[in-house]
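Analysis of the macromolecular model
This is what each chain is made of:
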Amino acid sequence: MDDKIKYEMEFPIQASPSLLYNYIATPSGLSEWYANNVNSRGEMFTFMWDGSEEQAKLLSKKSGERVKFRWVADEDTPYYFELRIQVDEITKDVSIMVTDFAEEDEVDEGKMLWENMISDLKQVLGSV
């Protein structure tokens, strides 16, 4: 299996960090934009899309700041995905930072997927 490549993306978003955190860290928030439905039992989150289902473990979270998940399929790997809220100290501009991993030939596809999902998130937040 090829090593996956880490990539990071930044998306400016007009929303308060506390509101944004609810959309990236709670099952109800994530099911508004990331998946059709999301359930959690403790640290295990189940993400459901049209007929498919994936589980991820919540590795860490910092209230109002970030969440970090690892897909169960990647359990014995260093791979994860993280959503981090960044606030510019001077301008107070808010961005969501995405860190993810993909096979070399799937990085562009992964980035496009995140662009589409963050676009959905912005629509839900009314931040288009």
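Structure: see above.
Residues numbered from 1 in each chain as written. Predicted model: local features only at pLDDT ≥ 70, side-chain atom pairs only at ≥ 80, totals over all residues. Heavy atoms only, no water.

So, the side chain of Ser95
Using the following cut-off: Numbering goes from the N terminus for both helices and strands, where a helix is a DSSP run of H or I of at least four residues and a strand is a run of E of at least two. Here a polar contact means two N or O atoms within 3.5 Å. Within protein one must be a hydrogen donor candidate and the other an acceptor candidate, and residues neighboring in sequence count only if both atoms are side-chain atoms. Note on definitions: a residue-residue contact is assigned when non-hydrogen atoms from the two residues lie within 4.5 Å.
Tracing the backbone shows Ser95 in strand β7 (residues 94-102). Of the polar contacts made by the side chain of Ser95, one reaches the side chain of Glu10; its length is 3.1 Å. When neighbours within four sequence positions are excluded, Ser95 is seen to be in contact with Glu10, Phe11, Pro12, Ile13, Arg84, Ile85 and Gln86.

A closer look at a negative patch on the surface
Stated precisely, the cut-off is as follows: What makes a patch is a set of residues exposed beyond 30% relative accessible area and free of salt bridges, joined within 9 Å when like-charged and within 5 Å when nonpolar (Val, Leu, Ile, Met, Phe, Trp, Tyr). The accessible surface values rely on the Shrake-Rupley method and a 1.4 Å probe; as for residues, cover is taken only from the protein chains in view. In what follows, salt bridge is the name for a side-chain nitrogen of Lys or Arg lying within 4 Å of a carboxyl oxygen of Asp or Glu. All tallies of charge rest on Lys and Arg as positive and Asp and Glu as negative; His and the ends of each chain are not included. We put the charge of a Lys on NZ, of an Arg on CZ, of an Asp on CG and of a Glu on CD.
Judged by side-chain charge, Glu104, Asp105, Glu106 and Glu109 come together as a negatively charged surface patch. When you line up the elements, Asp105 lands in the loop between β7 and α3 (107-125).

Here we look at the pairing of strand β2 (residues 37-41)
For clarity, the cut-off: Any two strands are treated as partners once DSSP identifies two or more bridges connecting them.
Two strands pair when backbone bridges link them, and β2 and strand β3 (residues 44-49) are joined in this way by five bridges, in the antiparallel orientation. Along β3, the bridge assignment pairs Ser40 with Phe45.

Describing the sheet that holds strand β5 (residues 66-71)
Definition in use: For helices, the axis comes from a line fit to the C-alpha atoms of the stretch in contact; other axes are also lines fit to C-alpha atoms, and the angle between any two N-to-C directions lies between 0 and 180 degrees.
Taken in spatial order, the seven strands make up an open sheet running β1-β7-β6-β5-β4-β3-β2, and their pairing is antiparallel. Two strands in the sheet have a free side with no partner beyond their single neighbour: β1 (5-12) and β2. With direction set aside, neighbouring strand axes in the sheet form an average angle of 25 degrees. Packed onto the sheet, helix α1 (residues 17-25) meets β3, β4 (52-62), β5, β6 (81-87) and β7 and runs at close to 175 degrees relative to β6. Packing against the sheet, α3 makes contact with β1, β6 and β7, and its axis sits at approximately 25 degrees to β1.

Everything listed here is a matter of coordinates, which is why it stays silent on function.
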